Amino acid sequence: MARKKTNLVFDAVDYIREKILSYDLKPGEPISDTKIALEMGEALQIKISRSPVREAFTILQSEDFIEVIDGKVCVARITERDIFEICQLRDAIEQQSVIIVMNNGGFSQEEKELLREKYQQLVQAIEYSDGEKEYEIDDEFHSILVACTDNKHIVGVENRARNQMKRVRWLNHVFASRRRQANLEHEAILNAILADDLEGTLQAIHIHNQNIMEAFQHIFETETLRKALVCLLSDS
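S.K.: Any chance you could explain the overall build of the chain here in plain terms?
M.R.: Assigned secondary structure in the chain consists of 11 helices and two strands. Within the chain, the fraction of its 236 residues that count as buried is 44%. Here the chain has roughly 12,700 Å² of accessible surface; of this, 50% comes from carbon and sulfur atoms.

Listed below in structure tokens is the structure:
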């Protein structure tokens with residue numbers, strides 16, 4: 001049975017996004033709708049036209065994954081300013097999410113247990129020096145904070161910011177020396193939530209996100225790291 005066009009569009013979105021996140025497609029690199037259609041056709045063993053791929057381009061452009069440069073569809077560059085602005089956005093979203101949750105009865109026992117479970121998994125990932133797993137669980141921990149608002153619009157904005165930060169998730173390995181401190185920060189967030197302490201939770205979240213921004217700042221101020229980072233992120 002032939003796949004519906006709408007399914008193919010979202011298949012194409014996922015396929016292209018993953019190629020960008022894995023750096024198979026690098027910042028500034030042109031993307032060929034013909035090539036993508038052929039690659040997907042081979043993978044799915046069906047014939048795919050360029051139409052769903054082009055529709056996928058439109059969606060990915062709205063998510064800031066691609067941009068049009070001199071009439072060509074290219075992987076969007078992500079700059080130092082982008083990184084800091086996304087960090088600021090996530091800080092604002094997470095704090096506002098906690099305010100919404102606390103003003104609507106607080107985190108449920110089930111939600112608290114889920115956050116505790118993610119924290120324990122994070123501790124294990126750090127102990128085993130599993131950087132990729134650590135990033136994944138860290139990401140899930142913060143996503144839960146926002147998902148508990150049950151506000152699809154806030155969750156949508158946060159998902160967009162998360163996807164952009166995934167483009168620089170490999171920096172988690174550069175932050176190796178900060179891992180244990182970051183874990184203490186997650187513990188502070190968790191303990192404040194378990195105690196239904198709104199002000200304490202907001203402060204812990206802000207401190208954590210501020211320290212993330214300072215870690216990025218350190219990278220950009222270290223000449224060798226900065227040159228490598230700017231070259232990779234902006235293809236310059």
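S.K.: How should the nonpolar core be read in this particular structure?
M.R.: One broad trend across soluble globular proteins is that nonpolar side chains are buried collectively. If you look at the biggest cluster of nonpolar residues, it comprises 19 residues, and the most contacted ones within it are I16, I20, I31 and I66. Looking at this core, the elements with two or more residues in it are α1 (5–21), α2 (33–44) and α3 (50–62). It is α1 that contributes the most residues to this core, six residues altogether. Once residues within four sequence positions are removed from consideration, I66 is found in contact with I20, I31, F57, L60, Q61, V73, C74, V75 and A76.

S.K.: Help me understand unusual backbone geometry in this model?
M.R.: In most cases, non-glycine residues show a negative phi, while peptide bonds are predominantly trans. Phi at Y23 takes a positive value of approximately 65 degrees, unusual for a residue other than glycine. With respect to the element layout, Y23 can be found in the loop between α1 and α2. Within the chain, D64 stands out as a residue other than glycine whose phi angle is a positive 70 degrees. Checked against the element boundaries, D64 lands in the loop between α3 and β1 (66–69).

S.K.: Hey, could you run me through the packing of helix α4 (residues 80–102) against helix α6 (residues 131–147) in this one?
M.R.: When two helices pack together, their arrangement is given by the angle between their axes and by how far apart the axes lie. Where α4 meets α6, the axes come as close as 8 Å, and the angle between the chain directions of the two elements is 50 degrees. Here α6 runs oblique to α4, going by the angle between their axes. Contacts from R90, I93, E94, S97 and V101 of α4 reach α6 at D139, H142, L145 and V146. Here the contact of α4 with α6 is built from residues that sort into four nonpolar, two polar and three charged.

S.K.: Would you mind showing me how to read helix α5 (residues 109–127) here?
M.R.: Residue pairs spaced three or four apart in an α-helix point in one direction, given the helix's 3.6 residues per turn. The first and last C-alpha atoms of α5 sit 27 Å apart over 19 residues, in line with the 27 Å expected at 1.5 Å per residue. When we look at burial in α5, the residues that qualify are K112, L115, K118, Y119, L122, A125 and I126. An end-on view of α5 places all buried positions within 140 degrees of arc, on one side of the element. Exposed positions of α5 whose direction lies more than 90 degrees from the buried face are Q109, E110, Q124 and E127. On its buried side, α5 packs onto α6 and α9 (179–194).

S.K.: Would you explain α2 in this entry?
M.R.: Here α2 contains 12 residues, and its C-alpha end-to-end distance of 16 Å stays within 8% of the 16 Å for a straight helix at 1.5 Å per residue. For α2, the set of buried residues is D33, I36, A37, M40 and G41. Each buried residue of α2 sits inside an arc of 130 degrees when the element is viewed along its axis, so together they form one side. When the buried face of α2 is taken as reference, the exposed residues oriented beyond 90 degrees from it are K35, L38, E42 and A43. After α2 finishes, the residue Q45 shows a positive phi value of roughly 60 degrees.

S.K.: Got a minute to help me understand the pattern of salt bridges in this structure?
M.R.: It is possible for side chains of opposite charge to pair when their charged atoms get near one another. One pass over the full model with this rule turns up 16 salt bridges. The closest approach of N and O atoms between R54 and D33, which form a salt bridge, is 2.8 Å. Of the two residues, R54 is situated in helix α3 and D33 in helix α2; the sequence distance between them amounts to 21 residues. The class for D33 is buried, based on a relative accessible area of 13%. Via salt bridges that share partners, R90, E94, D139, E158 and R162 belong to a single interconnected network.

S.K.: Would you explain the confidence of the model for the chain in this entry?
M.R.: Regions with low pLDDT should not have their predicted coordinates read in detail. In this model, the chain carries an average pLDDT of 87, and 88% of its residues clear a pLDDT of 70 or more. In the model of the chain, helix α11 (residues 223–234) stands out as the element of lowest mean pLDDT, 57, in contrast to α5, which has the highest, 95.

S.K.: In this structure, what is going on with the side chain of T201? I would like to understand it.
M.R.: For T201, the position within the fold is in helix α10 (residues 198–221). Classification of T201 as buried rests on a relative accessible area of 0%.

S.K.: Can you walk me through the environment of K166 in this structure?
M.R.: Within the fold, K166 resides in helix α7 (residues 152–166). What makes K166 partly exposed here is its relative accessible area of 22%. As for K166 and L21, which are separated by 145 residues in sequence, their C-alpha atoms are 6.6 Å apart. Other than its neighbours up to four places away in sequence, K166 contacts L21, Y135 and D139.

Analysis parameters
Residues numbered from 1 in each chain as written. Predicted model: local features only at pLDDT ≥ 70, side-chain atom pairs only at ≥ 80, totals over all residues. Heavy atoms only, no water. Helix = DSSP H or I, 4+ residues; strand = E, 2+ residues; numbered from the N terminus. Buried < 20%, exposed > 50% of the residue type's maximum accessible area, 1.4 Å probe, protein only. Areas by Shrake-Rupley, 256 points an atom, 1.4 Å probe, with all protein chains shown as cover. Core = buried A, V, L, I, M, F, W, Y, C linked by side-chain atoms within 4.5 Å. Contact = heavy atoms within 4.5 Å. Axes fitted to C-alpha atoms, helices over the stretch in contact; angles between N-to-C directions. Parallel < 35°, antiparallel > 145°, perpendicular 65-115°, else oblique. Nonpolar A, V, L, I, M, F, W, Y, C, P; charged D, E, K, R; others polar. Expected span 1.5 Å × (residues − 1). Arc of directions from axis to C-beta. Salt bridge = Lys/Arg side-chain N within 4 Å of Asp/Glu carboxyl O. pLDDT = per-residue confidence, 0-100.

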